[in-house]
Amino acid sequence: MKQITILLKLIPAIACLISFGMLNAQTSREMVRGVVIDEFNEPLVGVTIVLEGTSTGTVTNLDGRFSLALSKGKNTIKVSYIGYKTQMIDVDKEELRIKLEPLSQSLTEVVVVGYGTQKKKDLTGSVATIGDKDFNEGLISSPEQLVNGKIAGVQIINGGGSPTSGSTIRIRGGASLNASNDPLIVLDGVPMEVGGTVSGSGNLLSLINPNDIESMTILKDASSTAIYGSRASNGVIIITTKKGKGDKVKVNFSTTNSVQTRTATADMLSKDEFINIVSNRGTEAQRLLLGSASTDWNDQVFTTALGTDNSLSLMGRITNTLPFRVSLGYYNQDGILKTDNATRYTGSLSLSPTFFDEHLRFNFNAKGTLGKNRFANTSAIWGGATHNPTIPVYSGMETFGGYNEAVDAKGMPITGATGNPLGLLKNYKSTSKVYRFIGNADVDYSMHFLPELRFHATLGYDYSKGQGDIYVPAYAYQYYNTGGRNYSYGPQENHNKLFTTYLNYNKEFSAIKSVLDLTLGYDYQYWKYTNAFYEELNCNGDVQASSAPDDQRHVLISYYGRVNFSYDSRYLLTATIRRDGSSRFSPQNRWGAFPSVALAWRISNEPFFKLNNVVNDLKLRVSYGKTGQQDGIANYSYIPLYTLSQPGASYMFGGLPIATYRPQAYNETLKWETTDSYNIGFDIALLENRISASFDYYQRKTKDLLATVPSAAGTNFNKQILTNVGNTESKGFEFSINATPVQTKDFTWTVSANATWQKNKITNLTLVEGAEKTNTLAGPYIDSYQMQVLTEGYAPYSFYVYKQIYDETTGKPIENLYADLNGDGVSDSKDLYRYHSPSPDWFVGFSTSLQYKKWTLSTSLRGSIGNYVYNGMAMNTGAWSTMSYNAFQLNNLHSSYLKTGFVDRQYLSDHYVENASFIKMDNLSLAYNFGNITKWCKLNASVMVQNVFTITKYSGVDPEVANGVDTSVYPRPRIYSISLGFEF
């Protein structure tokens, strides 16, 4: 808090500086003001306006506006912007409206980077920006889906078909093992908690309305991310929301209405195949369990789902100095699994007032969200695949709510039996309410006495609260023996508070053809999580489980600096350093320093390139940087703590059981996980910027991994402990290209493509140098088995399985027969080997758009090559022993049983590790721009199909599995939607 006290003491001094600047402002000189717009009448940001014959100039702000003092005898201004024709304008009035004519597609827009903006042509790092005109369209439930498949090096895997599911986002594959691999997300200057969530929310990021987002910038290499220091090892996504702009008030209303249908489900035996197998191979008792009904259980649990997404916004100016934007949103989406629903109400307000000839600027943003969710019982998906297709849905009796269930001779539920899939959905009600508020207030003052010097400060607050209710009636098959469930959880509250301030000095030195941009700043960020006392009750009010209330806090304090220097627009330098202190580490290990440096050479600006009519821009980039990691670990792992013991570990006192506390494991030597990154790349633009491309090659080395490993007996209070152990390496290259092959008056064809190749491997996983290599099991469980492993020299989470032996005559796998890989004559656990990994070798994206007059046809595709998936659904249901776990119920079998004939499940057979490479068409749309349908209304309309098709050899439901183990997938639906956009 000492740093805040010092800054507060500086406020009077800053106020004096502002007052002094205002009093000394040159008011005697004539001023010209105006706005610069593009061919679409939209404001242009960063346009240079120079008083002809002088070095006096300015640039347009976010609203395209500018003001400039005129000198005596000088009344001609030069207006220039890359990609547009330069104009010389004689000033004959105080307020100008300047419309620029495009030369060709601009390569050099202004890009939002950490703590400021830069022109794209001046970037030295690996940075990609996608604006709202290039976002994925259709029904979008969460912001990350806007850019899926659009950016090289960025892989986004949706968690499934539920409207409440989140996504796994990876930039260059991630850099850690046990700590977080999620990128840092910065919303309007407020860094959000990495991996943050709240009770009752399946996806906290979905509480941000995608319709409010103007652009998303992805920082990939350490040169661009190091300004965020300790949270930037996995890349940074900067989200900028829409602000007020333009001179007139505009009203926009858009609505997207959709129908979602089921695609693939697990490939199980048909009813006839099931009856035939049971009749021919089953016991008499099993044959007696066959019924006479014909029930498609997938039809019972899945349905056609309807959805709608609506957004209303007002944007413009209240006065010349007060741009504003206000919006309201309503989103409601049913899941294709019955009883699944997500509803979201959003509101946002943006005010951007300016004062004193735009020297003093404020920016106020407030976003509020109410999310209401109904979570389906997803175990019904497993039941829909495996339930006996010959029995009816209903029993005709009142027991268990009328649903047909497996019971013993006394009519009681069978332990371990699968419940009626429809009953699991209808007799289960889980609802939640989630609230979120994100607000920030920015002040930016360009000193009157020194306009090149700016003072910027931000106060940010991100608050979320979640709570919910779960009800299962006492008569339901689920929890029948324990009286159902009827309880509430939460509220859980998350607080994220930010104070950041920096000084920026930007000066062009015409005499030496140089530009200097210097930033110095300070951050203070505070997080607090609280969770109420939790009791899980049955319908009689009896306690089934409980947990103590929780209060978690941590703080991050940072100092940072960055210098950008360019000479003659040919030689560019960016150097950054950030020093972070985290409360998650002990005082002796608390601070970490994270530097970076990048150089760029714009070859196209060299004299020998001036006569080149083909290459418009060519820039070579090279960078190095160090970033840190402290996310994804507990807040107090370095200090001794006590926690409530397990149920039953109590002490009788006064005849009553008193809960006891036990010590937790801790490690006082914890320190930063760090990543060193190297990047080399180039950017090129050809044929009047009709073709632009970028190429990057990178290497990353992470050391002092924050990992949970076994601890020696008697050395701590747990058999596992979080510590710094091991190293990883990754490398890859990325390529992206944007082209406009055809551009005429009536017809335009644009193409965008990207490709990424990457390799990750673990280089060390031991605390002792030279120690024997170890295999640490990892990943999801199926029963007590894990199919993935962490091993030095291999990709993280490689599959760890036996090599299956096949019959030479039939080609069928031989049950329980595996290759003796170590040659000791015995097939045992020593013969397990590492076989592929879930990470793809390549992933690619492709988008194209054909525009003819008012019609536009567009599509986006994605591909993944070299990724493998363990088909746990086929293994778990593809053996005869899974037909009947008890004497009262039959289960359907996976169709793979017809090919293998396995009696028992082969948990660790490589037979189930399948190539899951795929090509997906994410969307296909046709749009028509009606233009003015009345004097005061414009209309755009489009029809779209999402999740159009998937091409893959993978035999499971979907080859896109985030963790590489497919157990029971919520199918991603096919979505048909109609969108209408009105502008008033």
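Residues numbered from 1 in each chain as written. Predicted model: local features only at pLDDT ≥ 70, side-chain atom pairs only at ≥ 80, totals over all residues. Heavy atoms only, no water.

Looking at the overall build of the protein chain
Right, on to step 1. In terms of helices and strands, the protein chain carries nine helices and 56 strands.
Right, on to step 2. Since a compact globule built from 984 residues should have a radius of gyration of about 30 Å, the 31 Å found for the protein chain is in line with a globular shape.
Right, on to step 3. Seen through its principal axes, the protein chain has C-alpha atoms that stretch 105 × 65 × 60 Å.
Right, on to step 4. Within the protein chain, the proportion of its 984 residues that are buried is 51%.
Right, on to step 5. Accessible surface, the protein chain: about 43,900 Å² in total, of which carbon and sulfur atoms supply 56%.
Right, on to step 6. Taking the average location of the 89 positive side-chain charges in the protein chain and that of its 87 negative ones, the two points are 5 Å from each other. (Helix = DSSP H or I, 4+ residues; strand = E, 2+ residues; numbered from the N terminus. Rg over C-alpha atoms; globule rule 2.2 N^0.38 Å. Buried < 20%, exposed > 50% of the residue type's maximum accessible area, 1.4 Å probe, protein only. Areas by Shrake-Rupley, 256 points an atom, 1.4 Å probe, with all protein chains shown as cover. Lys, Arg positive; Asp, Glu negative; His and termini not counted. Charge placed at Lys NZ, Arg CZ, Asp CG, Glu CD.)

Things to note about the side chain of E914
Right, on to step 1. Tracing the backbone shows E914 in strand β52 (residues 913-915).
Right, on to step 2. Buried charge without a partner: E914 forms no salt bridge, and the closest opposite charge is K899, 8.8 Å away.
Right, on to step 3. Beyond its immediate stretch of four places on either side in the chain, E914 contacts N867, Y868, V869, N871, K953, Y954 and S955. (Salt bridge = Lys/Arg side-chain N within 4 Å of Asp/Glu carboxyl O. Contact = heavy atoms within 4.5 Å.)

Brief notes about the pattern of salt bridges
It is possible for side chains bearing opposite charge to pair when their charged atoms get close.
Right, on to step 1. Considering all chains together, one arrives at 35 salt bridges under this definition.
Right, on to step 2. Notably, a salt bridge pairs E284 with R287, separated by 3.1 Å at the nearest N-O pair. Here the residue E284 and the residue R287 both occupy positions in helix α4 (residues 284-287), the gap between them amounting to three residues, near one helical turn.
Right, on to step 3. Residue R287 is classed as partly exposed on the basis of its relative accessible area of 31%.

Concerning a nonpolar patch on the surface
Right, on to step 1. Where nonpolar side chains cluster on the molecular surface, the patch consists of F565, Y567, Y571, L599, W601, F608, L620, V622, I680 and F682 and spans about 890 Å² of accessible area.
Right, on to step 2. Breaking the nonpolar patch down by element, the ones donating at least two residues are β29 (550-567), β31 (591-602), β32 (615-629) and β37 (673-686). (Patch = residues over 30% accessible without salt bridge, like charges linked within 9 Å, V, L, I, M, F, W, Y side chains within 5 Å.)

Considerations on the sheet that holds strand β2 (residues 48-51)
Right, on to step 1. Taken in spatial order, the four strands of this open sheet run β3-β2-β5-β6, and their pairing is antiparallel. Every interior strand has two partners, whereas the edge strands, β3 (57-59) and β6 (87-90), have only one. Pairs of neighbouring strands in the sheet enclose a mean axial angle of 20 degrees, with direction left out of account.
Right, on to step 2. Relative to β3, β2 runs antiparallel, the two sharing three bridges. Each residue of the ladder has a partner; that of T48, found in β3, is V59. (Pairing = 2+ DSSP bridges. Axes fitted to C-alpha atoms, helices over the stretch in contact; angles between N-to-C directions.)

Re helix α6 (residues 379-386)
Right, on to step 1. α6 sits mainly inside the fold: six of its eight residues count as buried.
Right, on to step 2. What α6 keeps buried is the set A380, I381, G383, G384, A385 and T386.
Right, on to step 3. On its buried side, α6 packs onto α5 (297-301), α7 (421-426) and α8 (872-877).

Thoughts on the pairing of strand β49 (residues 842-852)
Right, on to step 1. With 11 bridges joining them, strand β42 (residues 747-764) and β49 adopt antiparallel strand pairing. Paired with A755 across the bridge in β49 is V844.
Right, on to step 2. When β49 meets strand β50 (residues 855-865), the two strands line up antiparallel, connected through 11 bridges. Residue pairing in the sheet places W842 in a bridge with I865 of β50.
Right, on to step 3. Linking β49 to β50, which pair antiparallel, is a turn of two residues; within it K853 sits at a positive phi near 50 degrees.

Thoughts on empty space enclosed by the protein
Right, on to step 1. The final tally for this structure, using the stated rule, is 10 cavities of 30 Å³ or more.
Right, on to step 2. Empty space within the largest cavity amounts to approximately 520 Å³.
Right, on to step 3. Lining the largest cavity are 28 residues, with L139, Q145, N158, Q946 and I975 sitting closest to its centre.
Right, on to step 4. Only β11 (154-158), β19 (323-334), β53 (918-934) and β54 (937-952) provide two or more residues apiece to the lining of the largest cavity. (1 Å grid on protein atoms, 1.4 Å probe; cavity = no way out; pocket = protein on both sides within 12 Å on 5 of 7 lines; lining within 4 Å. Points joined across faces, edges and corners; volume = space filled by probe spheres on them.)

Let's talk about the packing of aromatic side chains
Right, on to step 1. Applying the stated criterion across every chain, the model contains 35 aromatic pairs.
Right, on to step 2. Measuring from centroid to centroid gives 6.0 Å for F355 and F362, while their planes differ by 75 degrees, and the two rings are edge-to-face.
Right, on to step 3. On the basis of relative accessibility, which here comes to 25%, the residue F362 falls in the partly exposed class.
Right, on to step 4. Centre to centre, the rings of Y928 and F930 are 4.7 Å apart; their planes meet at 80 degrees, and the pair counts as edge-to-face.
Right, on to step 5. You can call Y928 partly exposed: its relative accessible area is 23%.
Right, on to step 6. Judged by its relative accessible area of 38%, F930 is partly exposed.
Right, on to step 7. Site record: aromatic cluster; members linked through ring pairs are F682, F695, F733, W757 and W842.
Right, on to step 8. The lysine or arginine in question, K920, covers the ring of F918, its NZ or CZ lying 5.4 Å from the ring centre. (Phe/Tyr/Trp six-rings, centres within 6.5 Å; stacked < 30°, edge-to-face > 60°. Lys NZ or Arg CZ within 6 Å of the ring centre and 35° of its normal.)

Quick notes on the side chain of T240
Right, on to step 1. By the element assignment, T240 lies in strand β16 (residues 236-241).
Right, on to step 2. Setting aside its immediate chain neighbours within four residues, T240 contacts V112, D188, I213, E214 and S215.

Remarks on the confidence of the model for the protein chain
Right, on to step 1. On average, residues of the protein chain carry a pLDDT of 88, and 94% of them reach 70 or more.
Right, on to step 2. Overall, residues 1-28 carries pLDDT values under 50, and its contacts beyond four positions in sequence, including any with other chains, amount to 22 contacts.
Right, on to step 3. Residue range residues 104-108 is modelled with pLDDT below 50. Its contacts to residues more than four positions away, or to other chains, number 17 contacts. (pLDDT = per-residue confidence, 0-100.)

Some words on the nonpolar core
Right, on to step 1. Formed by 22 residues in total, the largest nonpolar core has its most connected members in V147, M216 and I237.
Right, on to step 2. For this core, the secondary structure elements donating two or more residues are β10 (127-131), β11, β12 (167-171), β13 (184-187), β15 (213-219) and β16.
Right, on to step 3. Here the element with the most residues in this core is β15; it accounts for three residues.
Right, on to step 4. In this view, V147 contacts I130, F135, N136, I156 and M216; residues no more than four positions away in its chain are not counted.
Right, on to step 5. Formed by 21 residues, the second largest nonpolar core is a distinct cluster that contains M787, F799, Y818 and Y912. (Core = buried A, V, L, I, M, F, W, Y, C linked by side-chain atoms within 4.5 Å.)

Observations regarding unusual backbone geometry
Right, on to step 1. Residue P491 is reached from G490 by a cis peptide bond, and omega for that bond is 5 degrees.
Right, on to step 2. Its location among the elements puts P491 in strand β25 (residues 485-509).
Right, on to step 3. The phi angle at N947 is positive, at roughly 55 degrees, despite the residue not being glycine.
Right, on to step 4. Examined against the element boundaries, N947 turns out to sit in strand β54.

Side note on the environment of E452
Right, on to step 1. Structurally, the position occupied by E452 is in the loop between β23 (429-446) and β24 (453-472).
Right, on to step 2. Spatially, the C-alpha atom of E452 lies 65 Å from that of V472, the residues being 20 residues apart in sequence.
Right, on to step 3. Excluding residues within four positions of it along the chain, E452 makes contact with N504, Y505, N506 and K507.
Right, on to step 4. Looking at E452, its side chain comes within polar contact range of the side chain of K507, at 3.3 Å. (Polar contact = N/O pair within 3.5 Å; in protein donor to acceptor, adjacent residues only side chain to side chain.)

A short note on the environment of F717
Right, on to step 1. Here F717 shows up in the loop between β39 (706-710) and β40 (720-724).
Right, on to step 2. C-alpha separation for the pair F717 and R662, spaced 55 residues apart in sequence, amounts to 8.8 Å.

Let's talk about helix α3 (residues 271-281)
Right, on to step 1. Of the residues making up α3, those classed as buried are F274, I277 and V278. Seen along its axis, α3 keeps its buried residues to an arc of 95 degrees; they face one direction. The exposed set on the far side of α3, more than 90 degrees from its buried face, consists of D272 and N280.
Right, on to step 2. Those residues of α3 hidden inside the fold are in contact with α4 and α9 (897-900). (Arc of directions from axis to C-beta.)

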